[in-house]
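Each chain, letter by letter, is given below.
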Amino acid sequence: MIPTLEIERERAHLDAERENQREHWDGSAADGRVYRPGELDLSHKVILYLDDITVSFDGFRALNKLSLTIDAGELRCIIGPNGAGKTTMMDVITGKTRPDSGTAFFGQTIDLTRLTEPEIAHAGIGRKFQKPTIFEHHSAFENLELAMKADKRVRRTLFASLLDDERDRVAEVLRQIRLDQAADRPAGLLSHGQKQWLEIGMLLMQEPRLLLLDEPVAGMTDDETERTAELFTSLAGKHSLVVVEHDMAFVEALGGKVTVLCEGSVLAEGDLATVQADPRVIEVYLGR
Amino acid sequence: MRTPFTLRLFQSMPRGGWIALAIFAAVAWIGVPVAHLALPESHPLHVFAYTVSLLGKILCYMVVAVAMDLIWGYAGILSLGHGLFFALGGYAFGMYLMRQIGRDGSYGAELPDFMVFLDWKELPWYWAGSDSLLWALFLVVALPGLVAFVFGWFAFRSRIKGVYFSIITQALTYAAMLLFFRNETGFGGNNGFTDFKRILGYDITSPGMRVTLFALSAALLIACLVLGRYLVTSRFGRVLAAIRDAESRVMFIGYNPLHYKLFMWTLSAMLCGLAGALYVPQVGIINPSEMSPANSIEIAVWVAVGGRGTLVGAVLGAGIVNLAKSVFTVYLPEYWPFVLGFLFIVVTLYLPDGVVGLWRKLRARRAAAALDDASAAAGAGLSAAIGGAPAEVPATERQAARSTADTPIAKGANA
Amino acid sequence: MFGPTKRQWCIAAVLCVLMALAALPARAALDPALVQGLGGDFNARVAAIDALGVAGGDEAAALLDALEGGRLGTVDGRLVVIAPDGLRDATSGEALAADAGAATRITVNNRLRRAIGTARAALALSSAQPAQRLAAADTLRENASPALLPVLARALAAEQDDAVRAVLRYATAKLELASPDPALRLKAAQALGGSSDAAVKNLLAALLEKRGDGAAATWVEADAEVRAAAAASMRAIDRRIGLAQTAGTLFSGLSLGSILLLAALGLAITYGVMGVINMAHGELLMVGAYATFLVQGAFRSHLPEYLDLYVLAAIPAAFLAAALVGIAMERLVLRHLYGRPLESLLATWGLSLVLIQAARVLFGPQNLELANPSWMSGGVELAGGVVLPYNRIVILGFAAFVLVLIWLMMQKTRLGMFVRAVTQNRPMAGCVGVPTARVDTLAFAIGSGVAGLGGLALSQIANVGPAMGTGYIVDAFMVVVLGGVGQLAGAVWAALGLGIVAKFLEGWAGAVVAKILVLVFIIAFIQKRPQGIFALKGRFADS
């Protein structure tokens, strides 16, 4: 179905090897890194580089020279007032929006600005939307089955059948997100919190290296929120997580480093207490 | 353990479905041929030539409806240009039929009559090989497939969706119609192809050929249904429906919707092409009006009437509408456009899931009513026993029964 | 065959012509010598007839009438008019004693008749009516003989009407180019460069051809200098005609664009507000056109003296008729399909089927042709036969007028503000108190009414029939797609641009191929800019 893509990958792979042999890369986020999906290079312990990214819509700068790095295994919270560019940043990372300028690299070698959304997903980035986006007419089980890490080309899916270990994997995640009782229910009938969990579960099935979570606990009960925080902290280390959230209690519970975005660029960075004490942050949140 | 493909093909349809298909096959392959060929005309069970051809024609329409349902009902892409693929298949086979006329045309020339009329001296290059049945069969599938692939590639790549896509497909078939209306295009202009004489040397009007074509149409429909059923129950089908419901989510979990849509779109066009190829010899004519936008949009209404998102609905819809059309055009021709027009309106307003949806709803209501009775009885018994509230469990079950009835798979086709 | 006497007659006739020319300005009565040739042989008669044409005057006309009517004869070589009450002398008009039977009637054959026609035309050149002069000039353009050159020159000097002058100039040039004098031919070839008539170009082209085969071939025009002048003049004419044709194509493109705009404006509003493609939008054009037809009928039977004004009265009628149908459609069908765009597509298609069939039942299936009011018929003629018809010019202005009205409504009124608000964000508009349901209905009514106006415009340039609107929905939708949803300015650019591109492509590749190319272009365009020329960008863009 997609031979051109394969050829492209093959070529890119060869290019990458050639580049590596030259040892061209010097640590700056400039040229020299190449596109090589499927092989995440974490040799510098950094999983995501955003450098000098600018995105504008009709003159309005949604992102303004944004630079940000996420370490491998890190759990990072992003906060910021409305319109700070949090969602646009996720759009750039997942390939939905192309930046006007700047570079976005996944690991050392994968240039995100050159990949399509599905390719980025294959490379190992999973995304949860602000509004829970699941397949309402599929059962919870099927939702997870579709998200499962697998060969997702047409030819394969046409003849794919669920193997026993795959079935176990789905069942495991269903337990993890506490939907094992609702496995066969159409996802559209789940409660709002359950839908949020289901979407997180789909992310887990993808086995991504980096999870982008846009307001994951919106609409959850306190109990659910608490369990979500537990889940996320347990994932950190093996996965890297970027959580956009307004709920400060939740951010505090996660306990990671916090980045404050404002008007499209980073305003402050550090642990929550430091950031909250920063006068600029206070000004942004409380007004002058 | 990987399940063998044949077994999964078999498992994709419930037993009732296979039985229904078997009955249909028996009627189409044995019943109708016997009734047409063996029984004398005076016999009450004799099937007349007109009826065989009419039914054969409707079988072809049913195939088109299934193809349309696969792309609209399951992938959420409303095509208003499927008539084009049907007509392309018809034209591709029509070329072969024209060549089979040989020197029996009214000019007695080697070239088809319309070319003689245009004073052409030789066949245009794209008629090369048209005297071979195999080549014709190849074209029947390849031509609509190619057109659909190229068009779909550009349309889906630029993420043209919803009504935009629908209107552009309509413009596509309209443009093609204009092209085929021209004499210079080399497909007979206004009149198209007609006056066919034979296939593989056999007389096309003979009862045997009529029954053969009918049986082939039935076989095509059965094959389409089995294939369609397999597709929609496979993981591929689930991805397709997922694209319909939330395309961006599908992309972010790593499927490329372009390839899925393109595959289904092209396959659907090819099925239409096959149906068109069987349609032409049974009707005896193909002309550019088959490509008119009105024809294509009518296909959508067949599916809508039957209930989109269910293969049996597509088949039923095509049957109901076309039988009604045959009756009306014979007895009340001036009222048919009114009937068809109101059918469009009524179905979209009041029967969003078509006849099948209506039937399901009624059945679910009856089931719910039965549950109500049961729970009332149980509740009464319980209350009598412990003096408490009516039992909880049947109520949720009832709710589940209702909600599944209310959310058939097609609901989200517009999302 | 020619005997000496006949030759003498000929010479006499030519002499007569020359004398007549010399005597021209002062002449009142006919010179007997001038008409004497009529009694001679055919050549003499033709010469005499030409001379009469040159001479002009009522007597000459009367004499030509008598000749054509077979009432001219000779008695002993004397030219007489045979009247019912006896014979009269042709020149002096004095009655003669001789019996009518004594006269030999002059027979008139086709050649003479042609000559008479030409002479009459020459006479008519001095008519007071421009139409008669034009008809006369047209006759001369084909049949003039060199003898008439002076008449043409005289008429050209006195003529005020451009159309007549153009024909006269052509006739003169044709005669001059055939002249044996190379200097005259050269002058003519050069002068013709100022023309913009395709026929003149053909005349010049004929000079540049060769007669005979191979080496023996000779130029039709022997003089090389004349040939060069002719070639230069041809180039000048080509340039002028090309320019006029480009202008003409541009104009018909604008005209098509204005119709598309009227069709698309309404669609842009309804699509923008409700997110629904109204497939019956073309039928609203049809409703407007039939309303115009009914208004015309009413004027014809009740106010025939004001028939020319029916178009003005049809403006509110067409608007209201289409708006009412639109309101009914919105209330009865579309309102219930909100948020289901694909189903709306099907339902409105059903509506269009019903409307078409209803029109067929009410008005019959045949096409009706509406008469343009007199002030809309005719047109401005450019060079090379390119005409810009008044009705299309009026429609262009009308479209601009409607556009301004819509713009004012959208920008300056409260309803317009509501409509824009609902287009951008329906739930939010509802939250801040915009009565979205009423806005829907009103917007739909206005959009439909504008389509009705489009139908009115269409009725002035095309036939009115039940299926007249079906072809327009796709084109109108393309305009909306190209322009960007909810963008008035985009719709204008897209409509005019599409119209002009389509017309130029049509001239280059034919209507069908043009249609296909336009479609391909639009698909390619959407690849690059999915949101239209004037895109809404940002977070709301893909919702």
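Rules used in this analysis
- Residues numbered from 1 in each chain as written.
- Chains lettered and ligands numbered in written order.
- Predicted model: local features only at pLDDT ≥ 70, side-chain atom pairs only at ≥ 80, totals over all residues.
- Heavy atoms only, no water.
- UniProt positions renumbered as here; feature names shortened; annotations may be inferred.
- Helix = DSSP H or I, 4+ residues; strand = E, 2+ residues; numbered from the N terminus.
- Buried < 20%, exposed > 50% of the residue type's maximum accessible area, 1.4 Å probe, protein only.
- Contact = heavy atoms within 4.5 Å.
- Areas by Shrake-Rupley, 256 points an atom, 1.4 Å probe, with all protein chains shown as cover.
- Salt bridge = Lys/Arg side-chain N within 4 Å of Asp/Glu carboxyl O.
- Domains from an automatic or database assignment.
- Buried area = accessible area lost by both parts, 1.4 Å probe.
- Pairing = 2+ DSSP bridges.
- Axes fitted to C-alpha atoms, helices over the stretch in contact; angles between N-to-C directions.
- Polar contact = N/O pair within 3.5 Å; in protein donor to acceptor, adjacent residues only side chain to side chain.

In the nomenclature of an unreviewed UniProt entry, chain B corresponds to Urea ABC transporter permease UrtC from the organism Thauera phenylacetica B4P. Quoted verbatim from the Subcellular location (unreviewed entry) field of UniProt, the annotation for chain B is "Cell membrane".

Going by an unreviewed UniProt entry, chain A carries the name Urea ABC transporter ATP-binding protein UrtD and comes from Thauera phenylacetica B4P.

J.: Explain the overall build of chain A residue by residue, including any values.
T.: The helix and strand tally for chain A stands at eleven helices and ten strands. In chain A, which comprises 288 residues, the proportion classed as buried is 55%. Taking the contacts inside chain A whose residues are at least 6 apart along the sequence as the reference set, 68% of them involve residues at least 24 apart. A total accessible area of about 12700 Å² is found for chain A, and carbon and sulfur atoms account for 47% of it.

J.: So what about the pattern of salt bridges? Which residues, and what values?
T.: Two side chains of opposite charge can pair, provided their charged atoms sit close to one another. Summed over all chains, the structure comprises 28 salt bridges over all chains. The partner of B:E110 in a salt bridge is B:R103, and the shortest N-O contact between them spans 3.2 Å. On the basis of relative accessibility, which here comes to 51%, the residue B:R103 falls in the exposed class. Note that C:D475 is salt-bridged to C:K515, the shortest N-O span being 3.3 Å. Placement of C:D475 in helix 19 (residues 470–483) and of C:K515 in helix 21 (residues 511–528) is noted, with a sequence separation of 40 residues between them. Classification of C:K515 as partly exposed rests on a relative accessible area of 27%. One salt-bridge network, held together by shared partners, links A:E74, A:R76, A:K257 and A:E269.

J.: Talk me through the environment of C:L186; I want residue IDs and the actual numbers.
T.: Residues and elements named next belong to chain C. Take L186: it is sitting in helix 9 (residues 182–191). For L186 and G497, which are 311 residues apart along the polypeptide, the C-alpha to C-alpha distance reads 46 Å. Residues in contact with L186, not counting those within four places in the same chain, are E225, V226 and A229.

J.: Which residues make up the UniProt feature "transmembrane region" (unreviewed entry) in chain B, and what values do they have?
T.: Residues and elements named next belong to chain B. The UniProt record marks residues 18–39, 45–64, 71–93, 133–156, 163–181, 211–232, 299–323 and 335–352 with the feature "transmembrane region" (unreviewed entry), using the residue numbering of this structure. Structurally, residues 18–39 is divided into 95% helix and 0% strand, and its ends, taken at the C-alpha atoms, are 29 Å apart. Along residues 163–181 the backbone is 100% helical and 0% strand, and the end-to-end C-alpha distance reaches 27 Å.

J.: Account for the domain arrangement of chain A, naming residues and giving values.
T.: Residues and elements named next belong to chain A. Taken domain by domain, chain A consists of domain 1 (41–124 + 210–287) and domain 2 (131–207). With 17 residues of domain 1 at the contact, the number on the domain 2 side is 13 residues. Here domain 1 packs against domain 2, burying approximately 1200 Å² in sum over the two surfaces, 67% of which is carbon and sulfur. Where domain 1 meets domain 2, there are zero salt bridges.

J.: Go over the sheet that holds strand 5 (residues 110–111) of chain A, please, and point to the residues and values.
T.: Residue and element names in this part refer to chain A. Sheet architecture is open: four strands sit in the order 2-1-4-5, paired in antiparallel fashion. With partners counted over all chains shown, the strands left at the sheet margins are strand 2 (60–71) and strand 5, one partner each. Note that strand 1 (residues 46–57) and strand 2 share eight bridges and pair antiparallel. Each bridged residue has a counterpart across the sheet, and for F57 the counterpart in strand 2 is F60. Across the sheet, helix 2 (residues 86–93) touches strand 1 and strand 2, and the angle it forms with strand 1 is around 115°.

J.: Please provide a residue-by-residue account of the interface of chain B and chain A, values included.
T.: Residue-level contacts link 37 residues of chain B with 40 residues of chain A. Of the roughly 3400 Å² buried between chain B and chain A on both sides combined, carbon and sulfur atoms contribute 63%. In terms of surface lost to chain A, no three residues of chain B exceed B:R235, B:R249 and B:F252, which account for 26% of the buried area on that side. Inspection of the region where chain B meets chain A yields three salt bridges. In this structure, B:R249 engages A:E199 in a salt bridge whose closest nitrogen and oxygen atoms are separated by 2.2 Å. The interface formed by chain B and chain A contains 17 residue pairs in polar contact (both at pLDDT 80 or more).

J.: Could you give me a rundown of the sheet that holds strand 1 (residues 72–75) of chain C, with the residues and numbers involved?
T.: All names here are of chain C. Across the sheet, five strands lie side by side as 4-3-2-1-5; this open sheet has antiparallel pairing. Lying at the two open borders of the sheet, with one neighbouring strand each, are strand 4 (95–96) and strand 5 (104–105). By the bridge criterion, four bridges tie strand 1 to strand 2 (residues 78–83) in an arrangement that is antiparallel. Counted as the bridge partner of T74 is L79 from strand 2.

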